[in-house]
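For reference, the chains in residue letters:
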Amino acid sequence: MVSSGAATLRVRITYAILLVLLAILPWLGVYPVFVMKLLCFALFACAFNLLLGYTGLLSFGHAALFGMAAYVCGWVVTALHWPPLAGLLAGMVTSALIGLVMGAVSIRRQGIYFAMITLAMAQMVFFFCLQAPFTGGEDGLQGVPRGTLFGVLSLHSDVAMYYFVAVVFVLAYLFISRIVHSPYGQVLKMIRENEPRAISLGYRVDRYKLLAFVLSATLSGLAGSMKTLVMGFATLSDVHWATSGEVILMTLVGGVGTFFGPVLGAGVISTVQDQLADKVGSWVMVIIGAVFVLCVLAFRRGIVGEILAFLDRRRQAANPPNQGSSETHRAAAAPPAK
Amino acid sequence: MDIFGIPLQAFLGQLMLGLVNGAFYAMLSLGLAVIFGLLGIINFAHGVLYMMGAYAGWILLDSFGVNYWFALVLAPLIVGVVGVVIERLFLRHLYKLDPLYGLLLTFGLALIIEGLFRYEYGVSGQSYPTPDLLAGATNLGFMVLPNYRAWVIVASIAICIAVWLLIERTRLGAYLRAGTENAPLVQAFGVNVPVLVMLTYGGGAALAALAGVMAAPIINVTPLMGENMIIVVFAVVVIGGMGSIIGSVVSGLGLGVIEGFTRVFYPEASNVIIFVVMVIVLVLRPAGLFGKEA
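Residues numbered from 1 in each chain as written. Chains lettered and ligands numbered in written order. Predicted model: local features only at pLDDT ≥ 70, side-chain atom pairs only at ≥ 80, totals over all residues. Heavy atoms only, no water.

1. Brief notes about unusual backbone geometry
And step 1. Despite not being glycine, His81(A) shows a phi value in the positive range, around 60°.
And step 2. Looking at the element boundaries, His81(A) is found in the loop between helix H3 (62–78) and helix H4 (84–106). (Helix = DSSP H or I, 4+ residues; strand = E, 2+ residues; numbered from the N terminus.)

2. Re the interface of chain B and chain A
And step 1. Every contact between the two is made by 41 residues of chain B and, on the other side, 39 residues of chain A.
And step 2. Across the interface of chain B and chain A, roughly 4000 Å² is buried in total on both sides, 82% from carbon and sulfur atoms.
And step 3. For the chain B face of the interface with chain A, the top three residues by lost area are Leu100(B), Tyr101(B) and Leu104(B), together amounting to 16%.
And step 4. Taken together, chain B and chain A are joined by 0 salt bridges.
And step 5. On the surface where chain B and chain A come into contact, there are 2 residue pairs in polar contact (both at pLDDT 80 or more).
And step 6. Only helix H4 (99–121), helix H9 (225–240) and helix H11 (273–284) of chain B provide two or more residues apiece to the side of chain B that touches chain A. (Contact = heavy atoms within 4.5 Å. Buried area = accessible area lost by both parts, 1.4 Å probe. Salt bridge = Lys/Arg side-chain N within 4 Å of Asp/Glu carboxyl O. Polar contact = N/O pair within 3.5 Å; in protein donor to acceptor, adjacent residues only side chain to side chain.)

3. Some thoughts on helix H7 (residues 183–193) of chain A
And step 1. Here H7(A) lies mainly inside the structure; 8 of its 11 residues are buried.
And step 2. All of the buried residues in H7(A) are Tyr184(A), Gly185(A), Val187(A), Leu188(A), Lys189(A), Met190(A), Ile191(A) and Arg192(A). (Buried < 20%, exposed > 50% of the residue type's maximum accessible area, 1.4 Å probe, protein only.)

4. Side note on the confidence of the model for chain B
Residue and element names in this part refer to chain B.
And step 1. Averaged over every residue, the pLDDT of chain B is 85; the share at 70 or more is 97%.
And step 2. Across chain B, the secondary-structure element scoring lowest on mean pLDDT is strand S1 (residues 2–3), at 63, and the one scoring highest is helix H3 (residues 68–89), at 92.
And step 3. Model confidence for the complex: the whole-complex pTM is 0.84, and ipTM, which rates the interface, is 0.82. (pLDDT = per-residue confidence, 0-100.)

5. A closer look at the side chain of Glu195(A)
And step 1. Among the structural elements, Glu195(A) can be located in helix H8 (residues 195–200).
And step 2. A polar contact is formed between the side chain of Glu195(A) and the side chain of Lys209(A), at a distance of 3.1 Å.

6. With respect to the environment of Gly103(A)
All names here are of chain A.
And step 1. Within the secondary structure, glycine 103 is located in helix H4.
And step 2. Considering only alpha carbons, one finds glycine 103 and alanine 212, 109 residues apart in sequence, at a separation of 9.0 Å.
And step 3. Setting aside residues no more than four positions away along its own chain, glycine 103 makes contact with Leu210 and Phe213.

7. Some thoughts on the packing of helix H11 (residues 241–254) of chain A against helix H12 (residues 261–280) of chain A
All names here are of chain A.
And step 1. Contact geometry for H11 and H12: axes closest at 7 Å, N-to-C directions at 120°. Overall, the two elements H11 and H12 adopt an arrangement that is oblique. Note that H11 runs across H12; the crossing there is right-handed. Taking contact as the criterion, the partners of Glu246, Leu249, Met250, Thr251, Val253 and Gly254 in H11 are, on H12, Gly261, Pro262, Gly265, Ala266, Val268, Ile269, Ser270 and Gln273. (Axes fitted to C-alpha atoms, helices over the stretch in contact; angles between N-to-C directions. Parallel < 35°, antiparallel > 145°, perpendicular 65-115°, else oblique. Left-handed = near helix turned anticlockwise from the far one by under 90°.)

8. Here's the deal with the environment of Leu21(A)
All names here are of chain A.
And step 1. Here leucine 21 lies in helix H1 (residues 5–24).
And step 2. With relative accessibility at 41%, the residue leucine 21 sits in the partly exposed group.
And step 3. Counting along the chain gives 245 residues from leucine 21 to alanine 266, while the straight-line C-alpha distance between them is 17 Å.

Right, dumping it as C-alpha cells:
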C-alpha cells in the first residue's frame, strides 16, 4: 500500500475487527452454513476480481471453473474416498488446467471479444458436465461427505467445517492480497491501464495475462470445491452461465478493482437471494437483473468504490493541494476494463 | 440408399432441421451484428427479444385471435417498439463508456425480462399451431419435406438478403455504415445520428422478434427459449467475425448444417460442436472468418 501511515493503521484495525467477527460469528446465532456458502462465493468473487479489477479482463465463463472444480472435488471425495484437502486440491488442479486452455485461447482477443469467447468455452464445459457419466447429469452429485481433516478432525459438524472454511478463506484472501501488491500485481495494473505501453516497455503481456487467468481459475476452483464440501452437492447450476453472471454482479455491486468490494458484493447478493428465494419465486431474477441495471447506470464504482471515492473527495476538500491518492482509491476510480 | 451407413431419409431430415436452425441463427446474429456495428453494444438481450417475439405471436393468436400472417408483421413491430424504449431509457447513457457496460446492462435487462415472463407464464411451453396454408408436407420423391420448414428457410434467407441490400445498397444503409465509422462527421452532414441509432436498435429487436414468431410453430414457446439461443448466436457471431453482416449470415446457416450433421453422426457432441468450431476458428483466425483484424 502506498497510502499514509494513519490510513494503513485504520485498514489494519478494520481487518482485525473483521477477523474477530469472522471467528465469533457462529456464536452470534448466525446460521454457519449460510456464512460458509457466502465465504465460498466471496472467494469466487475475489478470484474473479483479480482478473476483471486488476487485469481488466471481463471473463463471462468463470462458472465453468467454479462448477467443474465442484464436480471433480465432489467426485473424488465420494467415489474415490479421498480426504477433503485432496478433494480441494483436485478441484484446484482441474480448474487451473481448464483455465490454462481457456485463457490461452481467449487472451488473443480483448474486451467484449474476450468476454464472448470465455462464455462460449464455458458453455462447452457446461454441456460436458451435462453428458459426462461422473457428474450425475440433471441430478448432479448428491450426498458428498465432508470427511475428516488430516485423518483426525471430523468436519461433520457445522462449526468444525465453519472454522475450516474460514481459515481457507483467510489464507486465500491473504494470497490474493500478496499477488495484488507484488511487482507482478503492479504489472497487471499497468496492463489494465495502458497495454500498448506495457508492450513497448518490453513486458510479455500475454504471459502476464495468462498467468493471471490461471491464478484466478485456480482460486475459483478452490471456491467451487469448498462449496461442494460445505453443501454436500454439486449441480448443473454451478456450471451454468447464470453463475458467471452472478459473480460479475457480486464484483460490480461491491466495487470492481477494490480489494474488499467483491466480499461485500457476495454478501449482499447471497443475502438477497437467500432471503427472497422462497418468498418471491421468479421475482428474484427480476430483482437481480434490476440491481445489475442500476449498478451499470448509476453506481459503476460499486459500494466500496463509492465509499472510497466519497472519502477521497472529503479528504481533498480538507487539504486540497498535492494529494497523492492511495492506490486503492486509484483502482476504485478506474473503469473495470479496457 | 445409405450415406455413411445412415439412411438417406434421416440424413436429409437432419440436414433440413440444421438448415432451419441455421436460418434462425443467421437472422439473430445478423441483428446482433448490425447493433454491434452501429452502437458498439453486445446485445445480451437479443435472446429475450427473440423470446418476446414468439410470445407476442402466441398472445396475439391466443388472446386476440390474430392469425399467423398478421402476427408476422405485428409481433416484430411491438418488440421493435420495446427495443426503441430500451434504447431511449438505458442504452443511450452508455455510448461514451467501455462497451463492456453495454454487455452488462443488457445482461441485466435480459434477466428482468425473462424473470417477468417466468412469473407470468411459468417455464412450461406454449404450443403455436402451424398456419393452415403451410400445414402438411411435400413429398420430394427422395424425402418428405414439411411445408412450414421449407417456408422458414426460404423466408429467412430472403430477409437476410433484404437486410443486406438495405445496408449495402441504400442511402439509409450508407448513413448507417458511415455512422459506425465516424458519428460526429455524419452528424455534421445533417444526419440525425441519435435517431439512426435508435432505429437500428429497434430494427435489430424487430428482426429478433421476427425470428421468434417464425420459430413459434416449430418449437415450444417458453421463457427459456432466448436463454438457450443467445449463447449459440454469440458463438456464431464470433465465428463469422464480429460486426460482419455477411459473416453472420454465412456462418449462421453453415453452423446450423454442421450441427445437423453432428446430430446424425455423433449426437452426443451436437450441443458443443458450434463451440468446438468456434475455438478452432479463433485459434486459426482470431478475428473470425469474415472479420477484420482489429
